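# A closer look at the structure
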Amino acid sequence: MASLNFSQVDKEEKKMEKEEEEEERTLDGSVDRHGKPAVRGRSGNWTAATLLLVNQGLATLAFFGVGVNLVLFLTRVMEQDNAVAANNVSKWTGTVYIFSLLGAFLSDSYWGRYKTCAIFQAIFVLGLASLSLTSYIFLIKPNGCGSEKTPCGSHSVLEIGMFYVSIYLIALGNGGYQPNIATLGADQFDEDHPKEGYSKLSFFSYFYLALNLGSLFSNTILGYFEDKGMWALGFWASTGSGIVALVLFLIGTPRYRHFTPRGNPLSRFGHVVVAAARKWTVKIPPRGEELYEVDGDESNGGRKILHTRGFKFLDRAAVITSKETYTSKKNEVNDDPWHLCTVTQVEEVKCILRLLPIWLCTILYSVLFTQMASLFVEQGAAMKTTISTFHIPPAGMSIFDILSVAAFIFIYRRVLDPLVAKLKKYPNGLTELQRMGIGLIIAIVAIIIAGIVEHFRYWNIDCVNLTIKLMHLRQSGASEVFMYVGQLEFFNKEAPEGLKSFGSALCMTSISLGNYVSSLLVTIVMRISTKSDKIPGWIPSNLNKGHLDRFYFLLALFTTADFVVYILCAKWYQNIRFVGKVSGGESREKIEHDDSRV
């Protein structure tokens, strides 16, 4: 009987603990859709994050269903040559990521991440439907054209215009959505909670995995059909995937956690610059405690940021002078933002200034990534890509890169990261900056291998088979995991609280500028290397008459120089530190002198 009573008491205690957990509020300031503090047991966590991961996978399937074979569509259907098509794809892809800045600005300033994602996903679906209709009705004429052996006829200016409007609607929708869906997913985990904080570290790896698994279907099934000239079918499949992704996103609405937008960051930055300029002759106090900061735990709706020593000229914006102080019974301070800013506001500007050199160093890596999406496809088209009797379409070459990314994410998270953490006695293993540096090293090796493969393919077309190319693609996949997952984590972690979407957008815009630099390089190289019809340049329409290998070696040289600069920037970088997030035993003075753990 006593045993029965103890069992009943134990069940009651567990029930009470479960009820308390369900009513427990999050610690990071997140709210539900009604603006009330989020309840941990009823919102966020992996339930909401999994919906967003599936949404990302389907949206990626839809996007790459268009993008992965766009260079072939332009050559076979729109009758553009290889160099022009590669340039147009680079510009289009670059524009996608430029629009990510617009989405991030609207999200951080006014709309919030959920509303921004919903609106831009709707635009994305509209662009996909428009492209499907335009291709089916106007572009793929005569019926069945668009394959390697059956090019399409000429098109009117109106038809070409409709095509470009459609693909740039896709660029707008996908660009505005991408940085916000990544940040919204990370918002579903309370970083101040031990268990959820660890899950947040894993989220970006699974986010990049979802992105790659989504593109896997595009590169296999859709890529195969589009390579055979069934473009309309491929585009309609992408449209259907985009619609399902949007519906799933809306289904999760009651579960999402949100952060309130913090207002226009440009005005906050302007306040700091103007206030510092007005006090150019003012002496800066030797200690950060003497600078102006509001009372309480928060500043401008977010956690306070600790003062750092760098960019001292900006500290003048937080210096209290006689003009800001007026005599009263409460000895209050006149905190006109154009004359006086808080330490947190000044540190926001410093943080972005520190991020920019790291961001600039990632651009050349994105040039290499662009080649995977354009020239590598053309290189694959000129190679023998058969396994037994099965022909792999050129765009399908990147399947093996995607599979290596998926495999390496699990290997890194389950094997390498725990091993490094044990050896270094540092709980998080390699830092984000270290991983990005490793990604650059692997990328340099991969592009050199690509050049060697192309060199041997050029001199003996049949001697380079699929196996040699796969060795190179495996390295590319490992490089992506180190670089892009590291980038996503780094920019999200180091961006101030009111600029989290902007942090994710920085990662996207490095890809964007990489595309533009790639386009510029292709143009310059073609102009310099083209001598006559007999010497048509390094990247001609027929790669067997060019020297693509020399272009790859040139990229390897540039990226090596970029890696040297990156090392210097990484050693100079200093992490953002929030009030209340200091590890035990560290004093404020120590933190102000502490360098980043590179």
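The rules we used
Starting afresh in each chain, residues are numbered from 1 along the sequence in its written order. In keeping with the predicted nature of the model, local features appear solely for residues at pLDDT of at least 70, side-chain atom pairs appear and are counted solely at 80 or more, and the whole-chain, interface and lining totals rest on all residues. Note that the side-chain values use all heavy atoms of the structure and ignore hydrogens as well as water. Helix and strand definitions follow DSSP, with helices as H or I runs of at least four residues and strands as E runs of at least two, each counted in order from the N terminus. One less than the residue count of a helix, multiplied by 1.5 Å, gives the span that helix is expected to have. Classification of residues uses two cut-offs on accessible area relative to the type maximum, computed with a 1.4 Å probe and protein chains only: under 20% is buried, over 50% is exposed, and between them is partly exposed. Should any heavy atoms of two residues lie within 4.5 Å, those residues are considered in contact. By definition here, a salt bridge exists when the distance from a side-chain nitrogen of Lys or Arg to a carboxyl oxygen of Asp or Glu is within 4 Å. Throughout this description, a polar contact denotes any pair of N or O atoms lying within 3.5 Å of each other; where both atoms belong to protein, one of them has to be capable of donating a hydrogen while the other can accept it, and for residues adjacent in sequence the pair is counted only when both atoms sit in side chains. Pairing of aromatic rings covers Phe, Tyr and the six-membered ring of Trp, with a centre-to-centre limit of 6.5 Å; geometry is then stacked below 30 degrees between planes, edge-to-face above 60, and tilted otherwise. Lysine NZ or arginine CZ positioned within 6 Å of the ring centre and within 35 degrees of the ring normal marks a charge as sitting over the ring. Interaxial angle, 0 to 180 degrees, is taken between N-to-C directions of lines fitted to C-alpha atoms, where a helix line uses only the stretch in contact. When describing relative orientation, an angle under 35 degrees is termed roughly parallel and one over 145 degrees roughly antiparallel, while 65 to 115 degrees is termed roughly perpendicular and anything else oblique. Note on convention: near helix rotated counterclockwise from far helix by under a right angle means a left-handed crossing. Clockwise means right-handed. Here the term charged refers only to Asp, Glu, Lys and Arg, the term nonpolar to Ala, Val, Leu, Ile, Met, Phe, Trp, Tyr, Cys and Pro, and the term polar to all other amino acids, Gly among them. For every residue, the pLDDT score states the predictor's confidence, bounded by 0 at the bottom and 100 at the top.

### Notes on helix 8 (residues 231-251)
When the terminal C-alpha atoms of helix 8 are compared, their 31 Å separation across 21 residues agrees well with the 30 Å that a helix rising 1.5 Å per residue should span. Every buried residue of helix 8 is listed here: Trp-231, Ala-232, Gly-234, Phe-235, Ser-238, Thr-239, Ser-241, Gly-242, Ala-245, Leu-246 and Phe-249. Packing partners of the buried residues in helix 8 comprise helix 2 (45-67), helix 3 (70-76), helix 5 (113-139), helix 6 (157-187) and helix 7 (194-227).

### Details of the pattern of salt bridges
Counted according to the given criterion, the structure contains 17 salt bridges. A salt bridge links Arg-40 to Glu-24; the nearest nitrogen and oxygen atoms lie 3.3 Å apart. With Arg-40 in the loop between helix 1 (2-23) and helix 2 and Glu-24 in the loop between helix 1 and helix 2, this residue pair connects regions lying 16 residues apart in the sequence. Here Glu-489 and Arg-413 are joined by a salt bridge, their closest N and O atoms 2.5 Å apart. In this pair, Glu-489 is assigned in helix 15 (residues 466-494) and Arg-413 in helix 13 (residues 399-424), connecting sequence segments 76 residues apart. Residue Arg-413 is classed as buried on the basis of its relative accessible area, which comes to 15%. Three or more residues joined by partner-sharing salt bridges are found here, namely Glu-24, Arg-40, Asp-190, Glu-196 and Arg-257.

### Considerations on the environment of His-258
Tracing the chain through its elements places His-258 in the loop between helix 8 and helix 9 (265-278). For His-258, a relative accessible area of 16% corresponds to the buried category. A C-alpha to C-alpha distance of 6.0 Å links His-258 and Asp-32, two positions 226 residues apart in sequence. Each residue touching His-258, except ones within four places of it in the same chain, is listed here: Ser-30, Val-31, Asp-32, Arg-33 and Tyr-114. A polar atom in the side chain of His-258 sits 3.5 Å from the backbone oxygen of Tyr-256.

### Some details on unusual backbone geometry
Leave glycine aside and you will find that most residues have negative phi; peptide bonds, for their part, are mostly trans. Despite not being glycine, Asn-45 has its phi angle at roughly 60°, a positive value. By secondary structure assignment, the location of Asn-45 is in helix 2.

### Re the packing of aromatic side chains
Applying the stated criterion across every chain yields a total of 26 aromatic pairs. Ring geometry for Trp-111 and Phe-120: centres 6.5 Å apart, planes at 45°, overall tilted. A network of ring pairs unites the aromatic residues Trp-46, Phe-189, Phe-203, Phe-204, Tyr-206, Phe-207 and Phe-410 as a single cluster. Positioned over the ring face of Phe-578 is Arg-303, at 4.2 Å from the centre of the ring. Here the guanidinium or amino end of Arg-316 rests over the ring plane of Trp-280, the centre of that ring lying 5.3 Å away.

### What about the packing of helix 2 against helix 8?
Closest axis-to-axis distance for the helix 2/helix 8 pair is 8 Å, and the angle between their directions is 160°. One finds that helix 2 runs roughly antiparallel with respect to helix 8. Helix 8 is crossed by helix 2, and the crossing has left-handed handedness. Counted together, Leu-51, Leu-52, Val-54, Asn-55, Leu-58, Ala-59, Leu-61, Ala-62, Gly-65 and Val-66 of helix 2 and Phe-235, Ser-238, Ser-241, Gly-242, Val-244, Ala-245, Leu-246, Leu-248 and Phe-249 of helix 8 form the full contact between these two elements. Partitioning the contact of helix 2 with helix 8 into residue classes produces 14 nonpolar, five polar and no charged.

### Observations regarding the confidence of the model for the chain
Averaged over all residues, the pLDDT of the chain equals 80, while 80% of them reach at least 70. In the model, residues 582-598 has pLDDT below 50 throughout and makes 33 contacts with residues more than four positions away in sequence or in other chains.

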